[in-house]
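Structural description and commentary
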Amino acid sequence: MPLAALKTVAKARNGVGAFILQCKRLDFHYCDWAGSSRGMKAFLKSTLPRFAKENPQIEITVSPRPNKHPIIKGHYINGREKVVCVRNMTNELIKEKADLLKSASGEKLKRVNKPVESLNESVRGIWSPFHGGKYKI
């Protein structure tokens, strides 16, 4: 009796078919007493349950941080962390900052001096007065 192998469901195409979210955990820190955490407490009560339900792949932790401003800390799979202070922000702005941390890659921001990076500086090469034909003046 011949053995029939299972057909492959998806072929690897250099990362085209698979997307791995870079953010693995979001920490929400707030203060019960301070007025700067008013927006964060409103976010935790109203928006965070829906945000957590929409993003089951992200671990979400909430913890008090007495006598300090509220922050959101993102932990990424490359080992880096990004922290955003959300003091005196509204519920909607905190949601935007959480989405920003969720979609970030965790890499440091790099200044781009040239729009294109290449091993070859120019297609035609570096110009020199010794290239080309000889001209008589």
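Quick notes on the rules
Residues numbered from 1 in each chain as written. Predicted model: local features only at pLDDT ≥ 70, side-chain atom pairs only at ≥ 80, totals over all residues. Heavy atoms only, no water. UniProt positions renumbered as here; feature names shortened; annotations may be inferred. Salt bridge = Lys/Arg side-chain N within 4 Å of Asp/Glu carboxyl O. Buried < 20%, exposed > 50% of the residue type's maximum accessible area, 1.4 Å probe, protein only. Helix = DSSP H or I, 4+ residues; strand = E, 2+ residues; numbered from the N terminus. Contact = heavy atoms within 4.5 Å. Polar contact = N/O pair within 3.5 Å; in protein donor to acceptor, adjacent residues only side chain to side chain.

The protein has the name Large ribosomal subunit protein mL43 in an unreviewed UniProt entry, where Delitschia confertaspora ATCC 74209 is given as its organism. Under Subcellular location (unreviewed entry), UniProt gives the following word-for-word description of the protein: "Mitochondrion".

Here the focus is the pattern of salt bridges. Using the criterion set out here, one finds two salt bridges in the structure. A salt bridge links Arg25 to Asp27, with the shortest nitrogen-to-oxygen separation between them at 3.2 Å. On the accessibility criterion, Arg25 (28% relative accessible area) is partly exposed. With a relative accessible area of 8%, Asp27 lands in the buried category.

Take the environment of Lys24 next. Tracing the chain through its elements places Lys24 in strand 1 (residues 23–30). With residues near it in sequence (within four places) discarded, Lys24 still touches Gln57, Ile58, Glu59, His75, Tyr76 and Ile77.

Quick look at the side chain of Ser37 now. The topology assignment puts Ser37 in the loop between strand 1 and helix 1 (38–46). Taking relative accessible area as the criterion, Ser37 reaches 0% and is therefore assigned buried. Looking at Ser37, its side chain comes within polar contact range of the main-chain nitrogen of Cys31, at 3.1 Å. Discounting residues that sit within four places of it in the chain, Ser37 has contacts with Tyr30, Cys31, Lys68 and Pro70.

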